[in-house]
Every structure is written in structure tokens, then in C-alpha cells.
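Fold and contact review
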Amino acid sequence: MNVLLWHVHGSWTTSFVHGKHRYLVPVTPDRGPYGLGRARTYPWPDTAVEVTPDHLRTADVDLVVLQRPEELDLATEWLGRRPGRDIPAVYVEHNTPKDGDVPHSRHPMADRDDLLIAHVTAFNELFWDTGATRTTVVDHGIVPPTAEYTGELERLAVVINEPVRRGRVTGTDLLPRFAEIAPLDVFGMRVAGLADHLGLPADRLASHDDVPQHRMHAELGRRRAYLHLCRWTSLGLSLIEAMSIGMPVVALAATEAVTAVPPGAGALSTRVDTLLDAARRFVEEPAEARRAGAVARAAARERYGLDRFLADWDRLLEEEVCASR
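Anyway, here's the lowdown on the structure attached to this text. (Residues numbered from 1 in each chain as written. Predicted model: local features only at pLDDT ≥ 70, side-chain atom pairs only at ≥ 80, totals over all residues. Heavy atoms only, no water.)

Some details on the overall build of the chain
For the chain, the helix and strand inventory stands at 13 helices and 13 strands. Its C-alpha atoms give the chain principal-axis dimensions of roughly 60 × 40 × 35 Å. Counting every position in the chain, which comprises 325 residues, the buried fraction comes to 54%. Surface exposure of the chain reaches about 14,100 Å², of which carbon and sulfur atoms provide 50%. If the 37 positive side-chain charges of the chain are averaged to one point and the 46 negative ones to another, these points end up 2 Å apart. (Helix = DSSP H or I, 4+ residues; strand = E, 2+ residues; numbered from the N terminus. Buried < 20%, exposed > 50% of the residue type's maximum accessible area, 1.4 Å probe, protein only. Areas by Shrake-Rupley, 256 points an atom, 1.4 Å probe, with all protein chains shown as cover. Lys, Arg positive; Asp, Glu negative; His and termini not counted. Charge placed at Lys NZ, Arg CZ, Asp CG, Glu CD.)

Structural notes on the sheet that holds strand β9 (residues 184-188)
On the basis of which strands lie adjacent, the open sheet formed by 6 strands has the order β10-β9-β8-β11-β12-β13 and parallel pairing. Single-partner strands in this sheet number two, and they are β10 (205-209) and β13 (266-269). Averaged over all pairs of adjacent strands, the angle between their axes in this sheet comes to 20°, without regard to strand direction. Bridge count for strand β11 (residues 223-228) against strand β12 (residues 249-252) is 3 bridges, and the pairing is parallel. Residue pairing in the sheet places Leu 227 in a bridge with Val 250 of β12. Contacts between helix α9 (residues 237-245) and the sheet are confined to β8 (153-159), β11 and β12, with β11 contributing the most and set at about 155° to the helix. (Pairing = 2+ DSSP bridges. Axes fitted to C-alpha atoms, helices over the stretch in contact; angles between N-to-C directions. Contact = heavy atoms within 4.5 Å.)

Some words on the pattern of salt bridges
Under the definition given, this model contains 27 salt bridges. Salt-bridge contacts for Arg 31 lead to Glu 50; the nearest nitrogen and oxygen are separated by 3.0 Å. Of the two residues, Arg 31 is situated in the loop between β2 (22-26) and β3 (48-51) and Glu 50 in strand β3; the sequence distance between them amounts to 19 residues. With relative accessibility at 28%, the residue Arg 31 sits in the partly exposed group. (Salt bridge = Lys/Arg side-chain N within 4 Å of Asp/Glu carboxyl O.)

Digging into unusual backbone geometry
Of the consecutive residues Val 102 and Pro 103, the connecting peptide bond is found in the cis state with omega at 10°. By the element assignment, Pro 103 lies in the loop between β5 (89-93) and β6 (116-119). In this model, Asp 111 sits at a positive phi of 60°, which is unusual for a non-glycine residue. With a phi angle near 55°, Glu 162 is a residue other than glycine that sits in the positive phi range. Here Glu 162 lies in the loop between β8 and α5 (163-166).

Considerations on the pairing of β8
Each regular strand shows side chains that alternate between the opposite faces of the sheet. Strand direction decides the pairing type here: β8 and β11, joined by 4 bridges, are parallel. Paired with Val 158 across the two strands is Leu 227, which belongs to β11. One ladder, built from 4 bridges, connects β8 with β9; its direction is parallel. Within β9, the position partnered with Leu 156 by the bridge is Leu 184.

Quick notes on the nonpolar core
Inside soluble globular proteins, nonpolar side chains tend to come together where they are buried. Residues Trp 12, Phe 16, Phe 178 and Trp 313 are the most contacted members of the largest nonpolar core, which totals 83 residues. Residues within four places of Phe 178 in sequence aside, it is in contact with Leu 156, Leu 184, Leu 227, Leu 229, Val 250, Val 272, Leu 275, Leu 276 and Ala 279. Among the nonpolar cores identified, the runner-up in size contains 20 residues, and Leu 4, Leu 66, Leu 74 and Ile 117 belong to it. (Core = buried A, V, L, I, M, F, W, Y, C linked by side-chain atoms within 4.5 Å.)

Let's talk about the sheet that holds strand β1 (residues 2-5)
Pairing is parallel across the open sheet formed by 7 strands, whose spatial order is β3-β2-β1-β4-β5-β6-β7. Looking along the sheet, the strands with just one partner apiece sit at the ends: β3 and β7 (134-137). Looking at each pair of strands side by side, their axes are set apart by 25° on average, direction ignored. Looking at chain direction, β1 and strand β4 (residues 63-66) are connected through 3 bridges and run parallel. Looking across to β4, one finds that Leu 4 is bridged to Val 64. Contacting β1, β2 and β4, helix α3 (residues 71-79) crosses the sheet at an angle of about 145° to β4.

Some words on the packing of aromatic side chains
The geometry of two aromatic rings is summed up by the distance between their centres and the angle between their planes. Enumeration over the complete set of coordinates arrives at 9 aromatic pairs. Taking the centre distance of 6.4 Å and the plane angle of 90° together, the rings of Trp 12 and Phe 309 count as edge-to-face. Of this pair, Trp 12 sits in helix α1 (residues 10-16) while Phe 309 sits in helix α13 (residues 306-324), placing them 297 residues apart in sequence. Take Phe 309: its relative accessible area is 0%, and that puts it in the buried class. Taken together through their ring pairs, the aromatic side chains of Trp 12, Phe 16, Tyr 23, Phe 309 and Trp 313 make up a single cluster. (Phe/Tyr/Trp six-rings, centres within 6.5 Å; stacked < 30°, edge-to-face > 60°.)

Purely geometric numbers; function is a separate question.
In C-alpha cells, the structure reads:
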């Protein structure tokens, strides 16, 4: 198939475009949010091709993957066809609701008979009110990292995008308590200046801004344990990637992390003191950290394997295209 989708979430899109289809990724001169084009810090196959809005009007497109509400009108304008009416469409919901009305949050695509909403976690499906719109869940899958866990550095690793802006959502306010146990290395987009924002000295928190994925994985694996302190986000693919590398995880028992982190893979709790104790234990006892990391690795590779993810998506896409004929 020829599948049109925007480059919105780097890690998820990287997994998605490793399928057997041809993926049309809009690109605009400014490479803005609606024309980012191919990834520059993730490895993508050649079957993911950039296409300009002008070329989409005559492009052969079998299905549209939507990920933001405004893409519905944008796709209609650029294609000259209505997603869900003239061409099959699937709306991928990556996020937990953040409208302040949980658990009554109405999804922007609620009560539609022309779309299927594919949630990336069962938690998201549970908390969004989608009305009569059909829904399904396709659990995440990742391209297996090539990095291996060594845990040689008595430091804790975190991956957060925009930790200053997102604040409590991503648990940014909790970082200083963990920095008392061991120095933190924070990777992600717009992480520069985080230490100053939190009032921490540079030797307790180092920022690594927008590091290419393969280099980030290698650096993560050198740290003793991985912190996942998000209060209210969808399941972060960086958590699954860290587990797949073989890192023990210290995670808040919130949203989908509850099902992603099995017993023995680290620590999972809503009590921050419990997580602090676990982080301290992993720093002081590298053998225990390695044992927990082995459990995390096995669980991540079994549940979030790329082959299962792509097979699930192939089945869903084929069903939607066939149903439209």
C-alpha cells in the first residue's frame, strides 16, 4: 500500500515505517510541524519517501494515517479527497487526555462513522471517551536497540522531551530528589538549561539535547538504571527501549507503565520514597541492577517486538482498505 502519514513522533514512526508498505511523508520548505519530512536522528528505510503537498493531489494513496485533529482538514486540502469518506483513514491516538476533564474527556474524533481510532495503549482507550467511533489498540513495538547494557557509570539516565515546559506531567519536579542519590543524565529534546531551571549544579544533572537515537541508546546503556517519572503521559517508547537494552527501571506506577514493567524488572510504585530506595540500591549493588535489567530486557523484547507490531498494523490496514471497497 501507499500510506500517507505525517512525521510526528520519531520513535513510533521509525517502527511504523519499517513495515512492508510505501510511506509518504509530507515535507515543506520550512520542515515545520506539518512538513517535517524524513527523520534526521532516526534510521528510516528507503520505503519512507518525502512528498510535497503539491504532489499529493495526484499521488496514489491507499490509506491515510492521522495523528492530530488538524490533519483531517489538511489531508483533505492536500489530497483533494476526504479521509474516511473518499479514502480509508485511521486516527492514531498517542496521548492521554489533557483537557482537565478526565475521566469525561471527549476525543476530538468522537462519534464519527468514517474513522477508526487506534490507541497505542489500552490505558488511552480506557480514558478517552470516543463515543460511537470504532476503536482498537495496537501496542507499541520498537526496532531493537543494538546497544548493550554495561551499567558501568554510577549515574541515572532519564529521557524526557521538553522537561521544563511539561513540568509535573513528566515528573520534572521529582528529579532533584533522585539527583541526591546519583548524578542524572537527561536526554531528549529541549533539555538544555534544565539544571539551572531546577537549581541543580552541573555535576548533579547533565543535559544531552537531541542526541541521535543510536548514540543515545549507547549512552543510556552505560548508566546504572533508568528513571521513568512521568505522571500522566502515554507509554514512553524510551522506557521500552531502555528495558530492551537491559537497563533496570525505576518507574512511577502511572498510566501504561503499570503493565509495561513486570515484577523483577526494577521498581514500580506511586511512593516516591520507594523509588528512591530502589535507585539507591541499584547504584550501590550493580549485580542486582544487572539481574533486574535482564528481566526488563526479556519482557520488553517479548511484548514490544517489532514483528508483532508490524503484523498487527498490517492486519488493521488491510482490513480498513478492504472494508472501503
